[in-house]
Every structure is written in structure tokens, then in C-alpha cells.
Amino acid sequence: MTDNKNIKQDIELDDEKIVEDGKVINRCDDYEQKDLNKVYAVAKRKKVTSWIFVMILAIIWLFVALIPFLFMVLTGFKQKLETIMYGAFHLPEKIFTKNYLDVITDPNFWIYFKNSVIVLALSLIILLFISACAAYPLSRFRFKMRKPIYMLIVALMSVPIHVTMIPIFQLTIGMGLYDTIWALIPVNVAFALPISVFILVGFMEGIPRDLEEAADIDGCSKYKRFFKVIMPLSVPGLSTLAIYNGVNIWNEFIFAFTLTQSNENRTLPLALWNYQGQYASNTAMIMACLTLSVLPMIILFIIMQDKLVKGMMAGAVKG
């Protein structure tokens, strides 16, 4: 009787406690643990569902991106008659490597390749340096004309390339640069500059100012702070711009076709013109040439993909 009376008093004094086999159990803790288990189960189900959804989207995008590339590679292994008789999507009856060998052994192909490499390298070096020099004061300093200059640079991104083709053509002739690879470099730099400055301004704004202040205390001038502090920290962003703009410069066709004429000064995208005539074109040879043309950019992307991801993630978070 005494034990039952004590248990009854415990229940009356504290409704949050129950007694089982002589042990006191907190009722609220028991409920909270059950609620946590439910929340954890729901969160786990949502995580699994999200993962499955992301994987499905990734597989769909893989097919969307991979199928055209496989079509291009496989068509390069066909004979010319196969593309005419069986259609474009018919698999090659046998591996015909002569198309690739003909492209590789074509001396004009390597001239185009050399010109593309020169234009790409010089354009990227000039573009990245000018972009970094322009983005540094716009992102780190506050002066009177900062916003109008920045808005003007952003507005230049909306200018269509083809609108400027005739003025650039006349300017190139007037400067004596027509039919030279040097005519392509200023064009590539000019049209890639606004987007590059825009991206780098956002990237450099995320660099902590404490680093510059520490360098200032150590006696660094503005130029030393730029070259020894800002530039090394901006390498991920510069690498991202190098890949993004490098692909566009490598594949640029319209200005290379307009501003050059001889085979000695044309770039790799124009090599396709060697494999088509007035009334017919060698589709298999064109696809082989396209495959060999995109291989350098694919290799470059594979090598620098980690820096590309770091640059995108670093530019997305400030501070």
C-alpha cells in the first residue's frame, strides 16, 4: 500500500514522469525522441527522392550531350557512300579510318591548327590581363565614375556581334590587317571583355579586404597588392574565364571567315570548307575533321575541370 501510494503521489506531483518497474521515465523525452525519429525518417526519404531525381536529370543530360558527340565520331568512320545510301543515323558497316588519316595527313589542317593555337593563346593572355586590370579598381575602390563605367561595361554585353561586322571589316582593311591572323585577336578580346570584367568584378568583391590591409601594413603599393595578393587569389576565376572564352575563341567562325582569305591565315573551323564543294559535300570527312577539332578543347576541359568548379563555387559566395 505504501508503494502504491508513493507512485500515485509521484504521478500527481509531476505529470511528465511515469514509473515502470521502479524506474522513473520522462514522458517528454520519450515523445521528443519519437518526433526526432519521424523527422529523421522524413528527411531521409526526401534526401533519397532528391538524389534519385538529380540522377535521372544527370542521365538525361548525359544522353543529350553525348549522343551528338557519338554521332559525330561514328559518322567520321563511315565511307562517303554510306552517308548517302543509308542515312545519317545508320551505324557504320565497318570502321573506316581513312577519313581521319586523310585529315591528319592534310598539311592545310596543321596550318589551320597552328593559327588557331596562336590566336587562342594571344587572345586569352591579353583578355585575362585587361579583364583583371579593369575589374580590380571596379571591385576594390570607390570613386565617382565607378557605377557609370560598370553599367556601360555591362550594357556592352547586349551588343550583337554581327552588327559590328561591316565596321570591323572596314577598320581591318584600313589598318592593313586584313587576311592576317592578327586581325582576329583584337576582335576576340573586344567581344569577350565585357562578360569577363563582369564576372571578375563579382569574383574579386568576394576576396576579404583584410588581406589587402595586411599587405598595405607590410608596405605594399597598390600595384604590388594587385599582382601579389589579388591576382594569385583570382586564379580560379581566371581559369574559369580561360575555359569559357577559350571554347568560344577556338570555335569562332564568322569573323575568321570574314577577315581572312588565304589558307595560310585561316583557323581550324574554316578547315571544313576544304571538304565541301559547290554541289556536294563529304559528310564523313567533315565529321572526322570536326572530331579532331574539338579534341583539344575536350582535353583542356578534362585537365582544368577542377579549377573550373572551384572558380564557379568561389565566385558564387562572397566573403
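Note that the structure is a prediction, hence the values are computed from the model and not measured.

### Regarding the overall build of the protein chain
Line of reasoning, step 1. Looking only at helices and strands, the protein chain features 13 helices and two strands.
Line of reasoning, step 2. A buried classification covers 32% of the 319 residues belonging to the protein chain.
Line of reasoning, step 3. Excluding contacts between residues fewer than 6 apart, the proportion of contacts in the protein chain whose partners are at least 24 apart in sequence is 72%.
Line of reasoning, step 4. Of the roughly 20700 Å² that the protein chain leaves accessible, carbon and sulfur atoms contribute 69%.

### What about unusual backbone geometry?
Line of reasoning, step 1. With a phi angle near 65°, D179 is a residue other than glycine that sits in the positive phi range.
Line of reasoning, step 2. According to the relative accessible area criterion, D179 is buried, its value standing at 19%.

### Here's the deal with the pattern of salt bridges
Line of reasoning, step 1. For the coordinates displayed, the defined rule picks out five salt bridges.
Line of reasoning, step 2. Here K98 and D102 are joined by a salt bridge, their closest N and O atoms 2.9 Å apart. One end of the pair is K98 and the other is D102, both in helix α4 (residues 98–105) and four residues apart, which spans about a single turn.
Line of reasoning, step 3. The exposure class of D102 is partly exposed, given its relative accessible area of 28%.
Line of reasoning, step 4. As a salt-bridge pair, R225 and D216 come within 3.7 Å of each other at their nearest N and O atoms.
Line of reasoning, step 5. Overall, the relative accessible area of 11% leaves R225 in the buried class.
Line of reasoning, step 6. Classification of D216 as partly exposed rests on a relative accessible area of 44%.

### Focus on the nonpolar core
Generally speaking, nonpolar side chains in soluble globular proteins are found buried as a group.
Line of reasoning, step 1. Core analysis: the largest hydrophobic core is formed by 34 residues, its most contacted members being V103 and L259.
Line of reasoning, step 2. Aside from chain neighbours lying at most four places away, what touches V103 is F109, Y275, M285, A288, C289 and L292.
Line of reasoning, step 3. If you look at the next biggest cluster of nonpolar residues, it comprises 19 residues, including L200, V201, A215 and I230.

### Considering the packing of helix α8 (residues 184–205) against helix α11 (residues 235–250)
Line of reasoning, step 1. Between α8 and α11, the shortest axis-to-axis distance is 11 Å and the interhelical angle comes to 155°. Judged by the inter-axis angle, α8 sits roughly antiparallel to α11. Relative to α11, the crossing made by α8 is right-handed. Every residue of α11 that contacts α8 at N188, A192, I195, S196, I199, L200 and F203 is listed here: P236, G237, L238, L241, Y244, N245 and I249.
Line of reasoning, step 2. Considered class by class, the residues forming the contact of α8 with α11 number 10 nonpolar, four polar and no charged.

### Thoughts on a nonpolar patch on the surface
Line of reasoning, step 1. Together, V48, W51, I52, F53, V54, M55, I56, L57, I60, W61 and V64 make up an exposed nonpolar region whose accessible area comes to about 1100 Å².
Line of reasoning, step 2. Inspection of the secondary structure assignment puts V54 in helix α2 (residues 27–76).

Reading guide: rules and limits
Residues numbered from 1 in each chain as written. Predicted model: local features only at pLDDT ≥ 70, side-chain atom pairs only at ≥ 80, totals over all residues. Heavy atoms only, no water. Helix = DSSP H or I, 4+ residues; strand = E, 2+ residues; numbered from the N terminus. Buried < 20%, exposed > 50% of the residue type's maximum accessible area, 1.4 Å probe, protein only. Contact = heavy atoms within 4.5 Å. Areas by Shrake-Rupley, 256 points an atom, 1.4 Å probe, with all protein chains shown as cover. Salt bridge = Lys/Arg side-chain N within 4 Å of Asp/Glu carboxyl O. Core = buried A, V, L, I, M, F, W, Y, C linked by side-chain atoms within 4.5 Å. Axes fitted to C-alpha atoms, helices over the stretch in contact; angles between N-to-C directions. Parallel < 35°, antiparallel > 145°, perpendicular 65-115°, else oblique. Left-handed = near helix turned anticlockwise from the far one by under 90°. Nonpolar A, V, L, I, M, F, W, Y, C, P; charged D, E, K, R; others polar. Patch = residues over 30% accessible without salt bridge, like charges linked within 9 Å, V, L, I, M, F, W, Y side chains within 5 Å.

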